[in-house]
Amino acid sequence: MPHLSHDDQTLETWRPGVETRMRVSALTGSHTLCIFEQYCEPGLGAPLHQHAVEEVLEVISGTAEIWLNDEVIQASANMSVLIPAGNMHGFRNTGQDTLHVRATLASPVFEASYADDREQSRRWSPAG
């Protein structure tokens, strides 16, 4: 049975003040899911973007403002937001402590397109 130790997985800086740990993906043998954690300093998070697949965004600790199309959702620990495929969304830390979120995508590869043309579309690949 495949198993992973997440303690051995490194944190990567995705943008200043936002670190990401890829927990499960194509690189760990997944065929249908990508699961990652993000740690965001106050005021920071993920700018408006979209994925071609469904996503669940779960707040592990801290508080977040999550945008989904024209909706704004206030989320705290133990809350999740289901984001339908192709919908613009993003979030930011609205608290004083580090925001810890876990995201699950219905694809083993992370891909995102951003609303702001200055942000480069991202396809996750391992550091190294």
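Quick caveat: nothing in here was measured; it's all calculated off a predicted structure.

Parameters at a glance
- Residues numbered from 1 in each chain as written.
- Predicted model: local features only at pLDDT ≥ 70, side-chain atom pairs only at ≥ 80, totals over all residues.
- Heavy atoms only, no water.
- Helix = DSSP H or I, 4+ residues; strand = E, 2+ residues; numbered from the N terminus.
- Buried < 20%, exposed > 50% of the residue type's maximum accessible area, 1.4 Å probe, protein only.
- Contact = heavy atoms within 4.5 Å.
- Phe/Tyr/Trp six-rings, centres within 6.5 Å; stacked < 30°, edge-to-face > 60°.
- Core = buried A, V, L, I, M, F, W, Y, C linked by side-chain atoms within 4.5 Å.

Some details on the environment of valine 18
Inference 1: Along the chain, the position of valine 18 falls in strand E2 (residues 18–24).
Inference 2: Of the residues examined, valine 18 reaches a relative accessible area of 1% and is grouped as buried.
Inference 3: Not counting chain neighbours up to four residues away, the residues in contact with valine 18 comprise Glu12, Thr13, Gln38, Tyr39, Cys40, Leu44 and Gly45.

Considerations on unusual backbone geometry
Inference 1: With a phi angle near 55°, asparagine 69 is a residue other than glycine that sits in the positive phi range.
Inference 2: Look at asparagine 78: it is not a glycine, yet its phi comes out positive at around 70°.
Inference 3: Here asparagine 78 lies in the loop between strand E7 (71–76) and strand E8 (79–83).
Inference 4: The exposure class assigned to asparagine 78 is exposed, which follows from its relative accessible area of 71%.

Let's talk about the packing of aromatic side chains
Each aromatic ring pair is summarised here by two numbers: the centre-to-centre distance and the angle between the ring planes.
Inference 1: For the coordinates displayed, the defined rule picks out three aromatic pairs.
Inference 2: Among the aromatic side chains, those forming a connected cluster through ring pairs are Trp14, Phe36 and Phe110.

So, the nonpolar core
Generally speaking, nonpolar side chains in soluble globular proteins are found buried as a group.
Inference 1: Formed by 23 residues in total, the largest nonpolar core has its most connected members in Phe36, Leu57, Ile66, Phe91, Leu99 and Phe110.
Inference 2: Looking at this core, the elements that each hand over two or more residues are E2, strand E3 (34–40), strand E5 (55–61), strand E6 (63–68), E8, strand E10 (99–105) and strand E11 (111–114).
Inference 3: Of the residues forming this core, the biggest block, four residues, is contributed by E10.
Inference 4: Here leucine 99 is in contact with Gln38, Tyr39, Cys40, Val59, Ser61, Gly62, Thr63, Ala64, Phe91, Arg92 and Asn93, once residues within four sequence places are set aside.

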